[in-house]
Amino acid sequence: LLVPLAGALAATGRLERALETLVEALALVALPDLRVRLIAACAACENLLGRHAAAHARLLAALEALEDPRSAAAAALHAELAADALYDSDFEAMRRWAARAAETARRLEDRGLEALATALLCFAEYNRGDAEAAEAAGDRAAALIDALPDDQLMLRLDAPYYFGFAAYFCERYDLAIQHLRRGINLSRAIGQG
């Protein structure tokens, strides 16, 4: 119940209270995958509150606390650290974290996470000025997202979100519209803002 409450609080702009609620929920959860999602949500709230250093430290501490640095939880945190690097416009760090996440997700055959990481990689490469690498990552991200059935993509709505913006910046407007529209339709179908 705390997780949907935090979502409702965040959706109404009560980010401080949403963060408190997420921290409360985090104290009750032991499952690594769910903990990573809650930690990511906490970091997102902190970033929106302008607490970028706190968000970054939270993600790094969670990564360091993991027993297996090649696990799905680690890959998810690598992707979150890539997204987190956007707040500092640190596109080198974004590229490194996204590449690590994509590599691990590929090894684990987690196509949703690989799609997210590859979308972030496209975003990073574009902002680093490497158009060829951005295009290659963009093609891979688009293929991964397109291959995901709706029920799987619903669990990774951040993939079409980040890819849509990366495609837009790469001036691939049709791809941007296609993927952002699919993400919006899926988010509406499951009641996510």
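Being a predicted model, the structure only gives us computed values, none of them experimental.

**Q** Which parts of the structure should I look at to understand the pattern of salt bridges?
**A** Two side chains of opposite charge can pair, provided their charged atoms sit close to one another. For the structure on display, the rule yields eleven salt bridges. Its salt-bridge partner being Glu46, residue Arg58 comes within 2.9 Å of it at the nearest N-O pair. Note that Arg58 is positioned in helix 4 (residues 52-65) and Glu46 in helix 3 (residues 32-48), a separation of twelve residues in sequence. Judged by relative accessible area, which is 6%, Glu46 ranks as buried. Several salt bridges converge on common partners, so that one network encompasses Glu92, Arg95, Glu125 and Arg128.

**Q** What should I look at first to understand helix 2 (residues 15-26) in this one?
**A** Counting along an α-helix, one turn takes 3.6 residues, and residues three or four places apart therefore face a common direction. An ideal rise of 1.5 Å per residue puts 16 Å on twelve residues; helix 2 measures up with 16 Å between its terminal C-alpha atoms. Three or more residues of helix 2 are buried, namely Leu15, Ala18, Leu19, Thr21, Leu22, Ala25 and Leu26. The buried residues of helix 2 occupy one face: seen down the axis, they fall within an arc of 165°. Summarising the contacts, the buried residues of helix 2 are in contact with helix 1 (2-11), helix 3 and helix 4.

**Q** I tried to follow the environment of Tyr87 on my own but got confused; where do I start?
**A** For Tyr87, the position within the fold is in the loop between helix 5 (72-85) and helix 6 (91-108). Every residue in contact with Tyr87, bar those within four places of it in the chain, is listed here: Asn47, Leu48 and His52.

**Q** Hey, could you run me through the nonpolar core in this one?
**A** A general tendency of soluble globular proteins is for nonpolar side chains to be buried together. In terms of nonpolar packing, the biggest core is built from 63 residues, with Leu77, Met94, Leu116, Leu120 and Phe163 touching the most fellow members. Once residues within four sequence positions are removed from consideration, Met94 is found in contact with Ala82, Ala85, Leu86, Leu120, Phe123 and Ala124.

**Q** Looking at this model, I keep getting lost on the packing of aromatic side chains. Mind explaining?
**A** Where two aromatic rings form a pair, the distance of their centres and the angle of their planes describe that pair. Under the defined criterion, the tally for this structure stands at six aromatic pairs. Ring geometry for Tyr126 and Phe169: centres 6.2 Å apart, planes at 15°, overall stacked. Highlighted residues: Tyr126 in helix 7 (residues 111-128) and Phe169 in helix 10 (residues 158-169), separated in sequence by 43 residues. Judged by its relative accessible area of 34%, Tyr126 falls in the partly exposed class. The class of Phe169 is partly exposed, set by a relative accessible area of 34%. Measuring from centroid to centroid gives 5.1 Å for Tyr161 and Phe165, while their planes differ by 70°, and the two rings are edge-to-face. With Tyr161 and Phe165 both in helix 10 and four residues apart, the pair spans about one turn of that helix.

**Q** What exactly am I supposed to notice about the side chain of Asp84 here?
**A** Examined against the element boundaries, Asp84 turns out to sit in helix 5. For the buried residue Asp84, which engages in no salt bridge, the nearest side chain bearing the opposite charge is Arg58, 9.7 Å off. Within polar-contact distance, the side chain of Asp84 engages the side chain of His56 at 2.7 Å. In this view, Asp84 contacts Asn47, His52, Ala55, His56 and Leu59; residues no more than four positions away in its chain are not counted.

**Q** Is there a simple way to explain the packing of helix 7 against helix 10 in this structure?
**A** Between two packed helices, both the angle of their axes relative to each other and the distance between the axes serve to describe the pair. Contact pair helix 7 / helix 10: the axes reach a minimum separation of 8 Å and the direction vectors enclose 25°. Judged by the inter-axis angle, helix 7 sits roughly parallel to helix 10. Helix 7 and helix 10 meet at a crossing whose hand is left-handed. Taking contact as the criterion, the partners of Ala115, Leu116, Ala119, Leu120, Cys122, Phe123 and Tyr126 in helix 7 are, on helix 10, Asp158, Ala159, Tyr162, Phe163, Phe165, Ala166 and Phe169.

Calculation rules
Residues numbered from 1 in each chain as written. Predicted model: local features only at pLDDT ≥ 70, side-chain atom pairs only at ≥ 80, totals over all residues. Heavy atoms only, no water. Salt bridge = Lys/Arg side-chain N within 4 Å of Asp/Glu carboxyl O. Helix = DSSP H or I, 4+ residues; strand = E, 2+ residues; numbered from the N terminus. Buried < 20%, exposed > 50% of the residue type's maximum accessible area, 1.4 Å probe, protein only. Expected span 1.5 Å × (residues − 1). Arc of directions from axis to C-beta. Contact = heavy atoms within 4.5 Å. Core = buried A, V, L, I, M, F, W, Y, C linked by side-chain atoms within 4.5 Å. Phe/Tyr/Trp six-rings, centres within 6.5 Å; stacked < 30°, edge-to-face > 60°. Lys, Arg positive; Asp, Glu negative; His and termini not counted. Polar contact = N/O pair within 3.5 Å; in protein donor to acceptor, adjacent residues only side chain to side chain. Axes fitted to C-alpha atoms, helices over the stretch in contact; angles between N-to-C directions. Parallel < 35°, antiparallel > 145°, perpendicular 65-115°, else oblique. Left-handed = near helix turned anticlockwise from the far one by under 90°.

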